[in-house]
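Chain residues, written in single-letter form:
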Amino acid sequence: MKTLKCLIYAVAAVSIMLSCSGNGSEETAKEAAPVLVSATPADGAADVPLNTSEVVLTYDQNIKVLTADQSKITLDGGATISKVNAYAKTLTLSIGDLAYGTGYTLSIPEGVVSGYKENQEATTALKLSFTTENEPEDPGTDVHLSEDAWELATQLGLGWNMGNQMDATSGNMPSETAWGNPVCTQQTFTNLKKAGFTSVRIPITWLEKIGEAPDYKIDEAWMGRVAEIVGYAENAGLYAIINTHHDECNKDGRWLDLLKASQNADFNTETKAKIKAVWTQIANKFKDKGDWLIMESFNELQDGGWGWSTTFLADPTKQCGILNEWNQVFVDAVRATGDNNATRWLGVPTYAASPSFVDYFSMPSDPAGKTMLAVHYYDPSEYTIGDAQYSDWGHTGASDKKASGGDEVQLNATFNKLMRNYVNKGIPVYLGEFGCSMRNKSDSRAWAFYLYYMEYVAKAARTYGMPAFLWDNGVSGYGKEHHGYINHGTGAYMGNSKEVIDKLVKAMTGDDTSYTLESVYNNAPKF
């Protein structure tokens, strides 16, 4: 009796052939090879977003890939594969370095992917092709180019975040020194100005400093300390941003709960009343301050999943729609207090302050026409705020030493979109936060790529017309969440931060025409 062996050939996501042959001998039948069910991007896909960071292949049964065979998986077209992960029925390939309007072909040779069981056949060769989106066209003369947005970007320039200070808490009670930073002083801000910063963002958490309904009276001592610090910035000749920070719901007991508001209309109404009351008080406190003071509605409002929770992904418009409502309440409340608040610049964020969700964002109506878009940039987060296990970033980095995605191509695509859709249409955009956990200078490779990342982000922000605010939490050393640059009590440099800050100042304020984003790119580290 002859035993038939079946080989399943999967060519791309949709081409499957079945070939059977007898071998003329008696042997134990093997189970069929896994069959490819779907691929993302699909075979033949066009206009694939430039920030695509993964190719995901799904099979009809559990699979495995031998470690020795992973290097045989290739992506032609100039892209890289930084990680191969087989789990259950899914094979995920982390990719990077995609370019505009380019065709890519993923190749997996015969026998590399097999069923998880020992007696299963391995799959045959697979090829999957896709093409990325085209580079955005020049906006042309039909788009109004506002000098206001570009001028404001130049004026705000390089900013500094006084993080883990007025946004620090013990429980839900705000406390300036709760997270280890010293009390800030006038000297802090004076030295910031000397270092080359032109702006400061002062994150402020309010929480238990807000009284009960219906007045929601803010604690006078806390408001007074905020006013004192704002005065330090004014005395130093710095632009300043104040906001509500860490009042968001990604921790228990926070009142700005987008998820709850999206599910409970009564709670949403109550929250909007509280937003109005809180911002009316803050605005009245500072109504006599000039345009150098900017008010920012919220920080990184999200439901705790940073845009990847099941609830959010089911319908992003629900929570984003609530945030759009809240931003409008903020603008209306500030404008209603009159005096300089009728015309000062205001900032409003996207969901999670992420550029990824700008498509769900709506600019609030503003009679003064002076509202800015606030976003943060920490891409790729595995490199910038993770455990710092990656030493490299950018096009010259080694694929096995980089986090997936987030290289120069993605950064430029993100910033270009913000410039075209907002800055060039007269709506200023600012990076309320950017940065990267400090690297150990004794590791020359890691330090070189770290400096390159910081310089490139800052130079790109300047190139695309966006001021940028360095995140500084005062934590010295190097590793995860070490963002200490300036001593919050004295304004002195911390560790090796002067070298970093000098590069940022040059990138954001330098006028040398030969010093461009391209020249920074061309001088990327080479090891």
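Heads up: the structure comes first, above all this text.
In what follows, the accompanying structure is described. (Residues numbered from 1 in each chain as written. Predicted model: local features only at pLDDT ≥ 70, side-chain atom pairs only at ≥ 80, totals over all residues. Heavy atoms only, no water.)

**Focus on unusual backbone geometry**
1) Next: Here the amide bond leading from T40 into P41 is cis, since omega sits at 0°, within 30 degrees of zero.
2) Next: If you trace the backbone, P41 turns up in the loop between β3 (36-40) and β4 (45-48).
3) Next: Backbone torsion omega between D379 and P380 reads -10°, so that peptide bond is classified as cis.
4) Next: If you trace the backbone, P380 turns up in the loop between β20 (371-377) and α8 (381-384).
5) Next: One non-glycine residue, L207, adopts positive backbone phi at about 35°.
6) Next: Residue position: L207 is located in the loop between β16 (199-202) and α3 (220-236).
7) Next: Relative accessible area serves as the criterion here: at 5%, L207 is assigned to the buried category.
8) Next: Located in the positive-phi region is A352, a residue other than glycine, with phi close to 60°.
9) Next: Residue placement: A352 occurs in the loop between β19 (346-349) and β20.
10) Next: Judged by relative accessible area, which is 7%, A352 ranks as buried. (Helix = DSSP H or I, 4+ residues; strand = E, 2+ residues; numbered from the N terminus. Buried < 20%, exposed > 50% of the residue type's maximum accessible area, 1.4 Å probe, protein only.)

**Brief notes about the environment of D366**
1) Next: Mapped onto the fold, D366 is located in the loop between β19 and β20.
2) Next: Once the C-alpha coordinates of D366 and A448 are considered, the two residues, 82 residues apart in sequence, prove to be 44 Å apart.
3) Next: There is a polar contact of 3.0 Å between the side chain of D366 and the backbone nitrogen of A368. (Polar contact = N/O pair within 3.5 Å; in protein donor to acceptor, adjacent residues only side chain to side chain.)

**Thoughts on the pairing of strand β5 (residues 54-59)**
In the case of a regular strand, side chains alternate between the two sheet surfaces.
1) Next: Across the two faces of β5 the burial differs, with V55, L57 and Y59 buried and E54, V56 and T58 not buried at all.
2) Next: Two strands pair when backbone bridges link them, and β3 and β5 are joined in this way by 4 bridges, in the antiparallel orientation. What sits directly across from A39, in β5, is L57.
3) Next: Here β5 pairs with strand β9 (residues 90-96) via 5 bridges, running antiparallel. (Pairing = 2+ DSSP bridges.)

**Some points on the packing of helix α2 (residues 186-195) against α3**
1) Next: Between α2 and α3, the shortest axis-to-axis distance is 8 Å and the interhelical angle comes to 35°. Here α2 runs over α3; the crossing is right-handed. Here α2 contributes Q186, F189, T190 and K193 to the contact with α3, which in turn contributes I229, G231, Y232, A233, N235 and A236.
2) Next: In the contact of α2 with α3, the residues fall into 5 nonpolar, 4 polar and 1 charged. (Axes fitted to C-alpha atoms, helices over the stretch in contact; angles between N-to-C directions. Left-handed = near helix turned anticlockwise from the far one by under 90°. Contact = heavy atoms within 4.5 Å. Nonpolar A, V, L, I, M, F, W, Y, C, P; charged D, E, K, R; others polar.)

**Thoughts on the packing of aromatic side chains**
1) Next: Counted under the stated rule, the structure contains 18 aromatic pairs.
2) Next: Geometrically, the ring pair formed by F415 and Y464 is edge-to-face, given 6.1 Å between the ring centres and 85° between the ring planes. Residue F415 is located in helix α9 (residues 408-421), and its partner Y464 is located in the loop between α10 (444-463) and β22 (468-470); the two are separated by 49 residues in the primary sequence. When sorted by exposure, F415 lands in the same class as Y464, which is buried.
3) Next: Members of the aromatic cluster, each reached through a chain of ring pairs, are Y383, W393, Y452, Y453 and Y456.
4) Next: Sitting over the face of the ring of Y383, R439 holds its NZ or CZ atom 4.4 Å from the ring centroid. (Phe/Tyr/Trp six-rings, centres within 6.5 Å; stacked < 30°, edge-to-face > 60°. Lys NZ or Arg CZ within 6 Å of the ring centre and 35° of its normal.)

**Structural notes on the nonpolar core**
1) Next: Formed by 109 residues in total, the largest nonpolar core has its most connected members in F189, M295, Y450 and M454.
2) Next: Among the elements that make up this core, the one with the highest residue count is α10 (12 residues).
3) Next: Setting aside residues no more than four positions away along its own chain, Y450 makes contact with Y383, C436, S437, M438, R439, Y485 and V500.
4) Next: A45, V48, V65 and L128 belong to the second largest nonpolar core, which has 28 residues in total. (Core = buried A, V, L, I, M, F, W, Y, C linked by side-chain atoms within 4.5 Å.)

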